[in-house]
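A look at the structure
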Amino acid sequence: MNNNDFDEQISIAIIGPLGPPQLNCLRSWKKRGYKVLYIYLGESKKSNKRLQSLADYVYDLHDIYKNEDDLLEECYKLCIKHSIQNITAVSYKHIGFLHKLKAKHSLSINVLGIDESLLEFVESKHQQYAVAKDCGFDMSETWELDSNNYNNVPEEAFPLVVRPDGTGGVTPSFKVEYIRNVEELRDRFDKIKSLHRPLIAQSFIDGRNVVAHGIRYKNDGEFVFQGFEVGCMLDGVAITINSIKIPDSIINSCKRFCSKMGIYGAFHFDLRHCSKSGKYFFLEINARLGGTTGKVFQLGFDEPGYLVDSYSSAPVDSYRYNACESKAVASNRYAIVQSVIKKMLGKTTVFDYPECGRLSYLFLMIKGVFFWKDELFSLRRLYSSYVYFMDRFK
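Within each chain, residues carry numbers counting from 1 in the order of the written sequence. Predicted model: local features are reported for residues with pLDDT of at least 70 only, side-chain atom pairs are reported and counted for 80 or more only, and whole-chain, interface and lining totals are derived from all residues. With hydrogens and water excluded, all non-hydrogen atoms of the structure serve as input to the side-chain values.

**Describing the sheet that holds strand β11 (residues 199–203)**
For two strands to pair, DSSP has to find at least two bridges joining them. Runs of E in the DSSP output that reach at least two residues are strands. Runs of H or I that reach at least four are helices, and both are numbered from the N terminus. The four strands lie next to each other as β6-β11-β7-β9, forming an open sheet whose pairing is antiparallel. Two strands in the sheet have a free side with no partner beyond their single neighbour: β6 (142–145) and β9 (177–179). For this sheet, the mean inter-axis angle between neighbouring strands, taken without regard to orientation, is 30 degrees. Pairing of strand β7 (residues 160–163) with β11, which is carried by four bridges, proceeds in the antiparallel orientation. Among the inter-strand pairings, arginine 163 is bridged to a residue of β11, identified as isoleucine 200. The contact criterion used throughout is that any non-hydrogen atoms of two residues lie within 4.5 Å. Convention adopted: a line fitted to C-alpha atoms gives each axis, helices being fitted over their contacting stretch, and angles between N-to-C directions are expressed from 0 to 180 degrees. Against the sheet, helix α5 (residues 125–134) contacts β6, β7 and β11, and its axis sits at roughly 45 degrees relative to β11. Strand contacts of helix α6 (residues 182–190): β6, β7, β9 and β11, with the helix running at about 140 degrees to β9, the strand carrying the most contacts.

**Topic: the packing of aromatic side chains**
Only rings of Phe, Tyr and Trp enter the pairing, Trp through its six-membered ring, and a pair is recorded when the two centres are within 6.5 Å. The plane angle decides the type: under 30 degrees is stacked, over 60 is edge-to-face, the rest tilted. Across all of its chains, the model carries 17 aromatic pairs by this definition. Summarising the aromatic geometry, the rings of tyrosine 178 and phenylalanine 351 are spaced 6.1 Å apart at their centres and angled 90 degrees between planes, so their arrangement reads as edge-to-face. Taken together, the positions of tyrosine 178 in strand β9 and phenylalanine 351 in the loop between α10 (333–344) and α11 (358–371) put the pair 173 residues apart, joining distant regions of the chain. As far as the burial class goes, tyrosine 178 and phenylalanine 351 line up, both buried. The structure contains a cluster of three or more aromatic residues connected by ring pairs, namely Phe121, Tyr129, Phe137, Phe223, Phe225, Phe257, Phe267, Phe269 and Phe282. Each ring is checked for a lysine NZ or an arginine CZ that lies within 6 Å of its centre and within 35 degrees of its normal; such an atom marks a charge sitting over the ring. The side chain of lysine 218 reaches across the aromatic face of tyrosine 264, ending 4.8 Å from its centre. Throughout this description, buried means an accessible area under 20% of the type-specific maximum (1.4 Å probe, protein chains only), exposed means over 50%, and partly exposed covers the range between.

**What to know about the pattern of salt bridges**
Salt bridges are defined as contacts in which a side-chain nitrogen from Lys or Arg sits within 4 Å of a carboxyl oxygen from Asp or Glu. Counting across every chain of the model gives nine salt bridges. In this structure, arginine 180 engages glutamate 184 in a salt bridge whose closest nitrogen and oxygen atoms are separated by 3.5 Å. Relative accessible area serves as the criterion here: at 51%, arginine 180 is assigned to the exposed category. A salt bridge links aspartate 374 to arginine 333; the shortest N-O distance between them is 3.3 Å. Taken as a pair, aspartate 374 in strand β18 (residues 373–374) and arginine 333 in helix α10 lie far apart in primary sequence, 41 residues in all. Members of the salt-bridge network, linked through shared partners, are Arg32, Asp302 and Asp309.

**Observations concerning the sheet that holds strand β12 (residues 207–216)**
Spatially, seven strands are ordered β16-β15-β12-β13-β14-β17-β18 in an open sheet, and the strand pairing comes out mixed. Only two strands of the sheet have a single neighbouring strand rather than two, namely β16 (280–286) and β18. Sitting on the sheet, helix α9 (residues 303–310) touches β12 and β15 (265–274), and the angle it makes with β12 is about 35 degrees.

Printed below as a string of structure tokens:
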């Protein structure tokens with residue numbers, strides 16, 4: 001795998017902004033000895049010489065970011081110039097762009113992401129829930145609500161968690177809201193200017209989030225899984241994560257889901273572990289790299305590397321992930337500081353946990369700064385940490 005001959009070397013490109021998932025992709029692939037092309041796409045200029053150390057080739061295309069035709073042409077030229085075999089992205093939007101790139105120029109390249117035909121499916125909570133139920137997942141009671149039927153939700157179902165069904169389904173947009181009663185639900189609908197798809201409402205489940213990270217290999221359809229628990233949550237973001245064992249029944253449901261929908265490569269299932277019943281309730285699947293990719297990478301689950309393996313034509317047995325339980329915790333020191341500030345100011349929500357006093361939370365986070373692994377800062381990867389922070393906060 002660590003071959004220094006570029007003619008035989010695996011080559012991989014990634015497009016998108018420079019965030020924790022992209023940074024850890026570059027770290028993984030560099031460690032594996034791949035030839036790496038990073039194409040920066042974003043709003044601001046990033047043409048910093050320091051970025052060149054993160055990949056073999058770095059290009060800043062922010063100036064044509066919003067012109068799709070020019071962007072397609074320039075990405076095509078870069079892939080040809082550097083003989084790229086594989087290309088990927090983190091967001092569904094950018095994965096869709098890569099499929100357009102391959103189709104427009106008939107590129108002989110592997111798009112390491114879900115098929116274009118599945119992009120609409122993964123964006124829709126309604127479609128995901130239907131498949132999850134068929135695959136044996138426990139589901140919280142669910143309603144599809146519009147301005148004509150929201151009064152039909154029984155009183156005992158509250159409190160609710162209400163979210164849009166995919167992007168662009170409601171104006172003004174929102175991510176998720178906690179609704180205590182029908183009066184708050186009525187207020188929620190009064191704020192809506194246009195509703196293109198019904199809102200998805202589910203009874204609130206008291207518990208913690210669990211993430212089942214997985215890889216499915218194109219070569220033989222086999223799976224690798226590793227479970228992680230979100231130990232601390234703030235604003236829907238995992239502040240800390242640690243590896244756990246997930247029941248086989250949940251893993252089997254995950255396998256049925258991916259097999260039914262034809263999902264390969266990297267994915268993760270977001271679940272809610274109910275503190276009362278002990279059940280794992282399905283929340284959603286992200287059939288891509290995501291917000292916890294950097295954290296699980298620090299805990300030993302090399303998701304970016306396994307993603308490349310999963311599309312390889314070579315025998316996959318030698319790439320199999322040997323799962324091992326660990327007491328290590330991964331976090332993000334920048335997020336820790338933000339969470340402490342919000343906790344001290346009393347700006348937490350019902351979705352945030354653990355529930356504890358401000359001083360207890362402060363001491364917990366201070367402990368984390370010194371003893372938890374960090375998805376951004378790493379002594380073993382000190383220079384890439386320096387480059388990331390200098391670029392981000394310049």
